2 protein chains.
Amino acid sequence: MENITKIWLGPLPEDSPYVKPFRMYYVQNGVEKNWDLLKVHDSVAIVLFNTTRQKLVLVRQFRPAVYHGVIASEKGGFDKADLKAFPPSIGVTLELCAGIVDKSMSWQEIAREEMLEECGYDVPVERIEQVMVYRSGVGSSGAKQAMYYCEVTDADKAHGGGGVDDELIEVVELSLEEAKRMVQQGAVNNSPPSCLMGLMWFFANKAPSSA
Amino acid sequence: MENITKIWLGPLPEDSPYVKPFRMYYVQNGVEKNWDLLKVHDSVAIVLFNTTRQKLVLVRQFRPAVYHGVIASEKGGFDKADLKAFPPSIGVTLELCAGIVDKSMSWQEIAREEMLEECGYDVPVERIEQVMVYRSGVGSSGAKQAMYYCEVTDADKAHGGGGVDDELIEVVELSLEEAKRMVQQGAVNNSPPSCLMGLMWFFANKAPSSA
C-alpha cells in the first residue's frame, strides 16, 4: 500500500502548523529548571465496532514519525533513508480511526467526520459515546485526546473510506479473536498505546460476552 | 508538592538533547508529501505491584508538557503563565514509574534503575517481566516504549524513592479498588494512555482473582 520511493529529512520550518517546539522555564522550590517540549494538536480517537459483521474497524497507514522512530531506535536517525535496509512498511501502523482537533466544531463532530472520511461510516453524533479523556506524550507534548466508542452496522456504510485529499488510509476489520490476540501479545503492528487501550476497554466493557 | 512560583516560555535551543524537530519529505505514488515530527528518546514504563500491601505503585509529578498542554487546549498557549488562573497543579500527572532510554545499558536494566530511583524498590532484573512494546506519539515522534511488570514486596524497599538530582517525584500507592475505578472512569489525573493501558493489562492478566 505504501508505494513510497524516496524519504529524506530537512529542518523544521518556523511556521510549521503542526509542531511548535520551545523550552519551558519554571522555578520550583527556588530552583530554576527547564523542559523542552512542543505544542501539537489535540485529537480524537474512536473505537469502532461493526455489529453486523462483529468486527472492530481500524485503520492502517504509513506514519512518517513512526518510520523515523524505528530507524532512530536502531541507529539514531538518517538524512536520506536507505529504503532497502529500511523499507517504508516498517512505518505502517494499525490504529484506531482518529484525527486532530483543528476545526471549530465540537469534538464529537470531529469524531463523526473522521469515521466518515477514514472508514466510510455515516452516523449521527448522538450515537457516539465518550469513553475517556487523557493526556498523551506527557514528556513531550501533553496534548489532550478524547476516546469515543461507536457501534455501526453495514447499513451505515456510505462509502469505502480511505481518507480525504492526499491521505492513503486502508480500512482494516479485525475479528474479536484477532483483536484479542493483539492486546494479549502487544503491538506487532506499531500500534500506539491508545489503540491497545481502546481495544482492552472494549473487551472489558462492550464485547459480546462470548468474546 | 509542586511549589512552583514562576513559569515562562522561550525558544527551543538548537542543541536541545531532548527534542529534535524536523520535517520529513517523502514521495508516495509519485506525489511529494511532508510531515513535521521530532525525535524524542525511547522509554520504559513499569507496572509495579506490591504484593505485601496489595497495592499498585505509581508516581505523581509536575509535567511541564502537560501544564502547557492543558492551557493550550483551553486558550492556545502562553508566554508567561498566569499561576492564579492556571495553578501548577493542573500539570501534575499520575503515571507508571518510567524513564527514558539514554544510557548504554539494557532496557531491563534501565527499568530496574527507574524502579529504584523513583519508587525505592531494589530488585534484580530477572524479576522484571516484559509485557509489550509499542510506538507512542505515532503522529509526532514514533518513539518506542517497552512496558514491564514487576511484583515487589516491602522487603525489596531500599529507600523512599522520589527521583534523583532535581527530580521531585511522589510515590503513590493505589489499592486495587482505586486503580480499577481509575481505568473505568478514565484519566482524572492527566494520566497518559500507557498508564491506563498498563492498569487494564494488570486487571486482565495479573490481578488477584478477587479484584
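The structure displayed is predicted, hence computed values, not measured ones. (Residues numbered from 1 in each chain as written. Chains lettered and ligands numbered in written order. Predicted model: local features only at pLDDT ≥ 70, side-chain atom pairs only at ≥ 80, totals over all residues. Heavy atoms only, no water.)

S.K.: How do you make sense of helix α3 (residues 176-185) of chain A when you look at a structure like this?
M.R.: Each full turn of the α-helix corresponds to 3.6 residues, which orients residues three or four apart in the same direction. All buried positions along α3 of chain A are accounted for by Leu-176, Ala-179, Met-182 and Val-183 of chain A. Taken around the axis of α3 of chain A, the buried residues stretch over an arc of 125°, which confines them to a single face. Away from the buried face of α3 of chain A by more than 90 degrees, exposed residues Glu-177 and Gln-184 of chain A are located. Lining the buried residues of α3 of chain A we find β4 (43-50), β5 (55-62), β6 (92-95), β10 (170-175) and α4 (193-205) of chain A together with β8 (129-136) of chain B. (Buried < 20%, exposed > 50% of the residue type's maximum accessible area, 1.4 Å probe, protein only. Helix = DSSP H or I, 4+ residues; strand = E, 2+ residues; numbered from the N terminus. Arc of directions from axis to C-beta. Contact = heavy atoms within 4.5 Å.)

S.K.: Sorry, what's going on with the interface of chain B and chain A here?
M.R.: Interface extent is often summarised as the accessible area lost during association of the parts. With 78 residues of chain B in contact, the opposing surface of chain A contributes 78 residues. Taken over both partners, the interface formed by chain B and chain A buries close to 6,500 Å², and the fraction arising from carbon and sulfur atoms is 65%. It is Trp-8, Arg-135 and Val-138 of chain B that lose the most area in chain B upon contact with chain A, and together they represent 10% of the buried surface on that side. Taken together, the links from chain B to chain A amount to zero salt bridges. Remark: the boundary between chain B and chain A carries 20 residue pairs in polar contact (both at pLDDT 80 or more). Those elements that place two or more of their residues in the side of chain B that touches chain A are β1 (4-11), β2 (20-28), β3 (31-39), α1 (64-75), β6 (92-95), β8, α3 (176-185) and α4 (193-205) of chain B. Per-element accounting of the side of chain B that touches chain A gives the leading share, nine residues, to α1 of chain B. Each residue belonging to the side of chain B that touches chain A can be placed in one class, and the counts come to 43 nonpolar, 22 polar and 13 charged. When strand β1 (residues 4-11) of chain A meets β2 of chain B, the two strands line up antiparallel, connected through seven bridges. Residue pairing across strands places Leu-9 of chain A opposite Met-24 of chain B, the latter belonging to β2 of chain B. (Buried area = accessible area lost by both parts, 1.4 Å probe. Salt bridge = Lys/Arg side-chain N within 4 Å of Asp/Glu carboxyl O. Polar contact = N/O pair within 3.5 Å; in protein donor to acceptor, adjacent residues only side chain to side chain. Nonpolar A, V, L, I, M, F, W, Y, C, P; charged D, E, K, R; others polar. Pairing = 2+ DSSP bridges.)

S.K.: What am I meant to see in the relation of the copies chain B and chain A here?
M.R.: In summary, the two copies of the chain are related to each other by a rotation about an axis coupled with a shift along it. Turning chain B through 180° and shifting it by 0.0 Å along the axis lays it on chain A, with an RMSD of 0.0 Å. Put plainly, the chains are arranged around a two-fold axis. Distance from the rotation axis, computed per C-alpha, reaches its smallest value in chain B at Met-197 of chain B: 2.4 Å. The fraction of interface residues of chain B whose copies in chain A are also interface residues reaches 100%, indicating that both copies meet through the same surface. (Least-squares fit on C-alpha atoms with pLDDT ≥ 70 in both.)

S.K.: Explain the packing of α3 of chain B against α4 of chain B to me, please; I cannot follow it from the model alone.
M.R.: Residue and element names in this part refer to chain B. Between α3 and α4, the shortest axis-to-axis distance is 10 Å and the interhelical angle comes to 125°. Classified by the interaxial angle, the pair formed by α3 and α4 is oblique. For the element pair α3 and α4, the recorded crossing hand is left-handed. Only Cys-195, Leu-196, Leu-199, Met-200, Phe-202 and Phe-203 of α4 make contact with α3, whose side of the interface consists of Leu-176, Ala-179, Lys-180, Met-182 and Val-183. (Axes fitted to C-alpha atoms, helices over the stretch in contact; angles between N-to-C directions. Parallel < 35°, antiparallel > 145°, perpendicular 65-115°, else oblique. Left-handed = near helix turned anticlockwise from the far one by under 90°.)

S.K.: Is there a simple way to explain the nonpolar core in this structure?
M.R.: Looking at soluble globular proteins, one finds that nonpolar side chains tend to be buried together. Counting residues in hydrophobic clusters, the biggest one holds 55 residues, and the most contacted among them are Leu-56 and Phe-202 of chain A together with Leu-56 and Phe-202 of chain B. Apart from the residues within four sequence positions on either side, Phe-202 of chain B is in contact with Val-47, Phe-49, Leu-56, Tyr-149, Leu-176, Ala-207 and Pro-208 of chain B. (Core = buried A, V, L, I, M, F, W, Y, C linked by side-chain atoms within 4.5 Å.)

S.K.: Whenever I open this one, the side chain of Arg-135 of chain A confuses me. Can you help?
M.R.: Turning to its location among the elements, Arg-135 of chain A is positioned in strand β8 (residues 129-136). Although Arg-135 of chain A is buried, it makes no salt bridge; Asp-42 of chain A carries the closest opposite charge, 4.5 Å away. Polar side-chain contacts of Arg-135 of chain A include one of 3.0 Å to the backbone oxygen of Gly-142 of chain A. Separated by 3.2 Å, the side chains of Arg-135 of chain A and Ser-73 of chain B make a polar contact. Setting aside its immediate chain neighbours within four residues, Arg-135 of chain A contacts Gly-142, Ala-143 and Lys-144 of chain A together with Val-66, Gly-69, Val-70, Ser-73, Asn-190, Ser-191, Pro-192 and Pro-193 of chain B. (Lys, Arg positive; Asp, Glu negative; His and termini not counted.)

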